[in-house]
Amino acid sequence: MIWSQSEKKMNVTKRVKFEKEANEDKGSTSQAMAKEDPQDITEIALTLAKDAITAAVKSVEEAENPVRNIDWITHGEFTEEKGCKQVEEFVSNWEYQSHWEHYTEFLRKEDVLHSFYYIYCVRWSIPTARRPIARITASVYFTIKVNKNKPPDTPIDVSYVFEGHSLVHRPGKIRFQEKWLRDIIEAKYVLIYPNIFQFNSSGVFQNILGDF
């Protein structure tokens, strides 16, 4: 295609105008970045530093007070009775106040595909002078999975859940909190005695300890 002289001048003019606008846009962006509020940068830096310090403190605390666990037996060593003793040994390492009592019982054995599931229940309660055998308990359900095809020297697989919850826990992965048991006990008392706690929900646990 043959361009006329006037068309060539027009194209040159358009190209120069386009490059000028592009440079102006680039300059505006650079100026905006340069004018970014120093306070925002400081806040971001402080947040990052705070997160780093928090992570470091947590690491030190975990190193000084690691999550407690036990040496779980192997597939070859496992029996229903030994499993019950191991569950009892594990929960005995939890940190809780002395007014709690608990006992462990075997519930059932399930044959699931390539594994046997042994289900245990640890029942927690708060006996009092008036009620040495508490009527309301909080349960923790343990599942010991014994794989039919794994070598005898392979450790058993253990998991547990708290009553009314679906979150599955693994030994040695999370620190036990007594509050989990308290919440279960309190919820049951409120359901059974709604009138007593209708206007005193903050004192539920104190009433439980005092046996009303």
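Owing to the predicted nature of the structure, the values given are computational and were not obtained by experimental measurement.

1. Considerations on the overall build of the protein chain
- Looking only at helices and strands, the protein chain features 5 helices and 4 strands.
- Put simply, the protein chain runs from its N terminus to its C terminus through helices and strands in the order α-α-α-β-β-β-β-α-α.
- The buried share among the 212 residues of the protein chain stands at 27%.

2. Quick look at the sheet that holds strand β1 (residues 101-112)
- The sheet built from 4 strands is open, its strands ordered β1-β2-β3-β4 with antiparallel pairing. Each edge of the open sheet carries a strand with a single partner, namely β1 and β4 (157-162). The mean angle between the axes of side-by-side strands here comes to 20 degrees, regardless of whether they run parallel or antiparallel.
- For β1 and strand β2 (residues 115-125), the ladder comprises 11 bridges, and the chain directions are antiparallel. Looking at β2, one finds that Lys109 is bridged to Tyr118.
- Helix α4 (residues 178-192) contacts β2, β3 (138-147) and β4 of the sheet and is inclined by roughly 125 degrees relative to β3.

3. Points about the environment of Trp94
- With respect to the secondary-structure elements, Trp94 resides in the loop between α3 (80-92) and β1.
- Remark: the alpha-carbon pair of Trp94 and Glu178, spanning 84 residues in sequence, is separated by 8.5 Å.
- What Trp94 contacts, discounting residues up to four positions off in sequence, is Trp124, Val140, Phe142, Tyr160, Phe162 and Phe176.

4. Notes on empty space enclosed by the protein
- For the coordinates displayed, the defined rule picks out 2 cavities of 30 Å³ or more.
- In this model, the largest cavity occupies a volume close to 120 Å³.
- Around the largest cavity, the lining is made up of 14 residues, and of these Val67, Arg68, Trp94, Arg175 and Phe176 lie nearest the centre.
- For the lining of the largest cavity, a count of residues per class yields 8 nonpolar, 2 polar and 4 charged.

5. Here we look at the nonpolar core
- Ranked by internal contacts, the top residues of the largest apolar core, which has 30 residues, are Trp94, Trp124, Val140, Phe142 and Ile144.
- Among the elements of the structure, α3, β2, β3, β4 and α4 are those that each provide at least two residues to this core.
- The leading source of residues in this core is β3, at 5 residues.

6. A look at the pairing of β2
- Within β2, 8 of the 11 residues are buried, leaving the element largely enclosed by the surrounding structure.
- Hairpin geometry of β1 and β2 is characterised by an intervening segment of 2 residues between the two adjacent antiparallel strands and by a positive phi of about 50 degrees at Leu113.
- One ladder, built from 10 bridges, connects β2 with β3; its direction is antiparallel. Within β3, the position partnered with Ser115 by the bridge is Asn147.

7. Quick word on α4
- For α4, built from 15 residues, the straight-helix expectation of 21 Å at 1.5 Å per residue is met to within 8% by its first-to-last C-alpha distance of 22 Å.
- Burial in α4 covers these residues: Glu178, Leu181, Ile184, Ile185, Glu186 and Tyr189.

8. Things to note about the pattern of salt bridges
- All told, the structure shown has 8 salt bridges when counted by the stated rule.
- Arg68 serves as the salt-bridge partner of Glu95, at 3.5 Å between the closest nitrogen and oxygen. Of this pair, Glu95 sits in the loop between α3 and β1 while Arg68 sits in the loop between α2 (38-64) and α3, and the two are 27 residues apart along the sequence.
- On the basis of relative accessibility, which here comes to 45%, the residue Glu95 falls in the partly exposed class.
- Taking the shortest distance from any N to any O, the salt bridge between Glu81 and Lys85 comes out at 3.6 Å. With Glu81 and Lys85 both in helix α3, this residue pair falls 4 residues apart, about one helical turn.

About the cut-offs
Residues numbered from 1 in each chain as written. Predicted model: local features only at pLDDT ≥ 70, side-chain atom pairs only at ≥ 80, totals over all residues. Heavy atoms only, no water. Helix = DSSP H or I, 4+ residues; strand = E, 2+ residues; numbered from the N terminus. Buried < 20%, exposed > 50% of the residue type's maximum accessible area, 1.4 Å probe, protein only. Pairing = 2+ DSSP bridges. Axes fitted to C-alpha atoms, helices over the stretch in contact; angles between N-to-C directions. Contact = heavy atoms within 4.5 Å. 1 Å grid on protein atoms, 1.4 Å probe; cavity = no way out; pocket = protein on both sides within 12 Å on 5 of 7 lines; lining within 4 Å. Points joined across faces, edges and corners; volume = space filled by probe spheres on them. Nonpolar A, V, L, I, M, F, W, Y, C, P; charged D, E, K, R; others polar. Core = buried A, V, L, I, M, F, W, Y, C linked by side-chain atoms within 4.5 Å. Expected span 1.5 Å × (residues − 1). Salt bridge = Lys/Arg side-chain N within 4 Å of Asp/Glu carboxyl O.

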